[in-house]
Amino acid sequence: KALTEPYSENTKRILRALEDMESRHTKLERSLAQNGIQVSEDIPYEVAKDKITEITESMKELATADMDPYAIEKKYNHLEEELAKYSSALMLTDEYAEEQKRLEQEWEDAIEEDNMVALERLRSHMPVTVRSLTEEELSSTPSPNGKILPKAFARKFKRTNILQLLRVNPDDIEKMHPSLLEGIRTTGLTLTERRAIHEHLRDVAERWEEKQSDPSVEKKWQWFQSLKIKFKETLNAYTMHVEKYGPPGNHPYAQRNNPGGEGCPLLGNQCPLKADAVIDYSEDYGYPKEAVYEASDTQRPNRSASMRSSRRSSQPLQPSKVKSSETEIMEELRERLQLDPEETDVDKKLLRELFHAEKRTRSLEKQLTQAGLSLPQEDISYSVAKAKVAGLTEEIKELAAKMGNTADSKEIAKLESEFGRLSQELDKYNNAMMLTKEWAQEQEDKERQWEADVSPDNYEALQKIWRHMPVNIRDLSEAVLTSAPTPNGKVLPTAMAKKFKRTNILMLLRLDPADIEPMHPSSLEAMRTTGLTLTERRALHEHLKDLAPKWQLMTSDKMAERKWMWHASLKSKFKEVLEKYDQHVKQYGPPGNHPYA
């Protein structure tokens, strides 16, 4: 319905915002499409959750169904597409994010006490100045309670040097360069050691997570995440083993003379309990168990049970936040647009449309961030982006050369930081350029021109092969091909007959493209393509080139998508072979004028 003019100031502002939002949607959707990510629909959490359950049950039933295999595969592919659609939609909802946050907090709360015990045990074995002491000093200097630290502990602390962070203030760790953290050795850590490290770093990791917009900080957060994933993996293996065979102190082992008897069958460190006890931290060597750090003015007191309890109680799940998000977004929009409080019915209706557009924007942005892609932050013209990409590429080349010629560690750290900044800028302008209509049109024009340039030679190649290939080649054996005279009385060479029958993709050249189009993708994928010459690849490309766009347009058909990808891989290899051929001809001359050394 057309709006009545003249528009109010509110209406004008909302309409402008809707136009900007539509442009933003186009840019985000194009960014997703260019990275091969299907745009997810906006589906409510409960609907998506119910659909996932329903589809999963249908897939189970299909596995035992008595149907034609082709029909089963087609139905299963459709169910997979539906499952992917609803799973993606589920993961984009606020409710899902809240649920994951709650589950993660519950996991942290459940392991926190054991982690704190592990942290205190390791610290009781570790001098505050561990980073400045040698292995020999660690294993020869008496501890505060008069004991001598075993050499195995001293060696572990110095060689698996991530453990030394337990005596570094988290505030100092937060400011460390990511390359320093990434260079720390983490292999061979026991579960107890991973518990201690996780507990020591979890607070600083939360701060890193909040500042992920900084590429340097994001690297540090990803480093912690990799540690956390390995910790979870080790803990899960330990927990499952304990549930099956019993905890320490009540963990019987299977006897060699009774292999079928009960007990843990794993030998040596294959048993998670033995692996954790390789370095036994149960004894106390008298070093401070508290958060005492080397060369740090800030002392971080140990968290008491009451503090841990208050931390848990301060982070409850807040379903009301999800429910009130609509009101919050509407108020945010009014404030952003500086709308007059006196809103007309038209304003309210348009504001409602803007609310849904805003939700869509957030959904698309979340899809990009979940895929590890950066968001297009600003409108940058094609010409500006292209010039910036060229300039930044040259700067990065020069910087890489400097890094290769520099031995000073401080200078290298500065250059690495600058390299990261330039790389981030290059990504930004590259993404901006690829989102412009000019770039998309340029790619289309380039592809069209390339096809036009290679088409004459491709058609000539197709004609050559047709002249050597019987129309009914699929029905003929190698023996018949090499013995039956051709229409002009010649006999096909054995090598050619062998090539046609064994590199069987070539036989498609005598199949009507209209009959190739509906073929099952597995039939095409199974065809042998190795050993194809450039001439043969030219002929195949010319014969199949009109089918690929048809398959590409059938985006909702999983089978068609597979066939398009099969053709895309053929085309990619053809381009690669052609490029090498052209470069070689340019350097050494064409056929007929190609001297050999």
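Residues numbered from 1 in each chain as written. Predicted model: local features only at pLDDT ≥ 70, side-chain atom pairs only at ≥ 80, totals over all residues. Heavy atoms only, no water.

Draft legend 1. Here's a closer look at the overall build of the chain. Secondary structure summary: the chain contains 25 helices and 0 strands in total. In terms of C-alpha radius of gyration, the chain reaches 33 Å, well past the compact-globule figure of 25 Å for 597 residues. The C-alpha extent of the chain, read off along each of the three principal axes, is 100 × 85 × 65 Å. Buried positions account for 35% of the 597 residues belonging to the chain. (Helix = DSSP H or I, 4+ residues; strand = E, 2+ residues; numbered from the N terminus. Rg over C-alpha atoms; globule rule 2.2 N^0.38 Å. Buried < 20%, exposed > 50% of the residue type's maximum accessible area, 1.4 Å probe, protein only.)

Draft legend 2. Up close: the packing of aromatic side chains. If you walk through the whole model with that rule in mind, you get 5 aromatic pairs. The residue whose ring lies beneath Lys 147 is Tyr 285, and the NZ or CZ to ring-centre distance is 5.5 Å. When the ring centre of Tyr 253 is taken as reference, the NZ or CZ atom of Lys 274 above it lies at 4.3 Å. (Phe/Tyr/Trp six-rings, centres within 6.5 Å; stacked < 30°, edge-to-face > 60°. Lys NZ or Arg CZ within 6 Å of the ring centre and 35° of its normal.)

Draft legend 3. Up close: the nonpolar core. Ranked by size, the top nonpolar core spans 36 residues in total, and within it Leu 165, Trp 208 and Trp 223 carry the most contacts. If you tally residues by element for this core, the top one is helix H9 (residues 191–210), at 6 residues. Among all residues touching Trp 223, those that are not within four sequence positions of it are Ile 162, Leu 165, Leu 181, Glu 182, Leu 201 and Trp 208. In terms of nonpolar packing, the next biggest core, distinct from the first, is built from 29 residues, Ala 461, Leu 492, Leu 506 and Ala 539 among them. (Core = buried A, V, L, I, M, F, W, Y, C linked by side-chain atoms within 4.5 Å. Contact = heavy atoms within 4.5 Å.)

Draft legend 4. Quick peek at the pattern of salt bridges. For the structure shown, the criterion picks out 46 salt bridges. Arg 421 is paired through a salt bridge with Glu 418; the nearest N and O atoms lie 2.7 Å apart. In this pair, Arg 421 and Glu 418 are both assigned in helix H17 (residues 409–434), 3 residues apart and thus about one turn of the helix distant. Of the residues examined, Arg 421 reaches a relative accessible area of 44% and is grouped as partly exposed. One salt bridge in this structure joins Glu 517 and Lys 550, with 3.9 Å as the shortest N-O distance. Separated by 33 residues along the polypeptide, Glu 517 in the loop between helix H21 (513–516) and helix H22 (521–525) and Lys 550 in helix H24 (residues 547–553) bring together distant segments of the chain. According to the relative accessible area criterion, Glu 517 is partly exposed, its value standing at 24%. Residue Lys 550 is classed as partly exposed on the basis of its relative accessible area, which comes to 41%. Within this structure, Glu 104, Glu 108, Glu 112, Glu 199, Arg 202, Lys 228 and Lys 232 form a network of salt bridges that share partners. (Salt bridge = Lys/Arg side-chain N within 4 Å of Asp/Glu carboxyl O.)

Draft legend 5. Representation of the packing of helix H2 (residues 45–63) against helix H3 (residues 69–91). As a packed pair, H2 and H3 sit with axes 9 Å apart at the nearest point and diverge in direction by 155°. Classified by the angle between their axes, H2 and H3 sit roughly antiparallel to one another. Every pair of crossing elements has a handedness; the one defined by H2 and H3 is left-handed. Two secondary-structure elements touch here, H2 through Tyr 45, Ala 48, Lys 49, Lys 51, Ile 52, Ile 55, Thr 56, Ser 58, Met 59 and Leu 62 and H3 through Ile 72, Lys 75, Tyr 76, Leu 79, Glu 80, Glu 82, Leu 83, Tyr 86, Ser 87 and Leu 90. Here the residues of the contact of H2 with H3 sort into 12 nonpolar, 3 polar and 5 charged. (Axes fitted to C-alpha atoms, helices over the stretch in contact; angles between N-to-C directions. Parallel < 35°, antiparallel > 145°, perpendicular 65-115°, else oblique. Left-handed = near helix turned anticlockwise from the far one by under 90°. Nonpolar A, V, L, I, M, F, W, Y, C, P; charged D, E, K, R; others polar.)

Draft legend 6. Spatial organisation of helix H4 (residues 94–125). For H4, with 32 residues, the first-to-last C-alpha span of 45 Å sits near the 46 Å given by 1.5 Å per residue. Along its length, H4 shows its largest kink, about 45°, at Glu 112. (Expected span 1.5 Å × (residues − 1). Bend = angle between axes of the 7 residues up to and from the residue.)

Draft legend 7. Here's a closer look at helix H25 (residues 558–588). Helix length check: H25 (31 residues) gives 45 Å between terminal C-alpha atoms against 45 Å at 1.5 Å per residue, within 8%. Those residues of H25 not exposed but buried are Met 559, Ala 560, Lys 563, Trp 566, His 567, Leu 570, Lys 571, Phe 574 and Leu 578. Those residues of H25 that are buried lie in contact with H3, helix H18 (437–468), H22, helix H23 (534–544) and H24. Gly 589 sits one or two residues past H25 and shows a positive phi near 105°.

Draft legend 8. Main features of unusual backbone geometry. Here the phi dihedral of Gln 338 falls at roughly 55°; this positive angle occurs in a residue that is not glycine. Judged by relative accessible area, Gln 338 falls into the exposed class, the value being 60%.

Draft legend 9. Fine view of the packing of H23 against H25. Contact geometry for H23 and H25: axes closest at 10 Å, N-to-C directions at 140°. Between H23 and H25, the angle is such that the two are oblique. Considering only the axes of H23 and H25, their crossing is left-handed. Each of Leu 534, Arg 537, Arg 538, His 541 and Leu 544 in H23 lies in contact with H25, whose residues at this interface are Trp 566, His 567, Leu 570, Lys 571, Lys 573, Phe 574, Val 577, Leu 578 and Tyr 581. Residue classes in the contact of H23 with H25 are distributed as 8 nonpolar, 2 polar and 4 charged.

Draft legend 10. Broad picture of the side chain of Arg 123. Secondary-structure assignment places Arg 123 in helix H4. Within the buried core, Arg 123 has no salt-bridge partner, and the shortest N-O distance to an opposite charge, that of Glu 120, equals 6.9 Å. Those residues in contact with Arg 123 that sit more than four places away from it in its chain are Leu 166, Arg 167, His 200, Tyr 287, Pro 288, Lys 289, Glu 290, Ala 291 and Tyr 293. (Lys, Arg positive; Asp, Glu negative; His and termini not counted.)

Draft legend 11. Inspection of the state of the cysteines at higher detail. Throughout the structure, instances matching the rule amount to 0 disulfides. Free cysteine Cys 264: the closest other cysteine sulfur is in Cys 271, separated by 3.9 Å. (Disulfide = S-S within 2.5 Å.)

Draft legend 12. Local environment of the confidence of the model for the chain. Here the chain shows a mean pLDDT of 86. Residues at 70 or above account for 92%. Across residues 297–310, where pLDDT falls below 50, the model places 24 contacts with residues more than four positions away in sequence or in other chains. (pLDDT = per-residue confidence, 0-100.)

Draft legend 13. Summary view of the environment of Tyr 86. Considering the arrangement of structural elements, one finds Tyr 86 in helix H3. Overall, Tyr 86 belongs to the buried group, its relative accessible area being 10%.

Draft legend 14. Here's a closer look at the environment of Leu 266. One can find Leu 266 in the loop between helix H10 (215–245) and helix H11 (272–276). Leu 266 sits 13 residues away from Tyr 253 along the chain, and the two C-alpha atoms are 8.0 Å apart. In contact with Leu 266, other than residues within four places in its own chain, are His 241, Tyr 253, Cys 271 and Pro 272.

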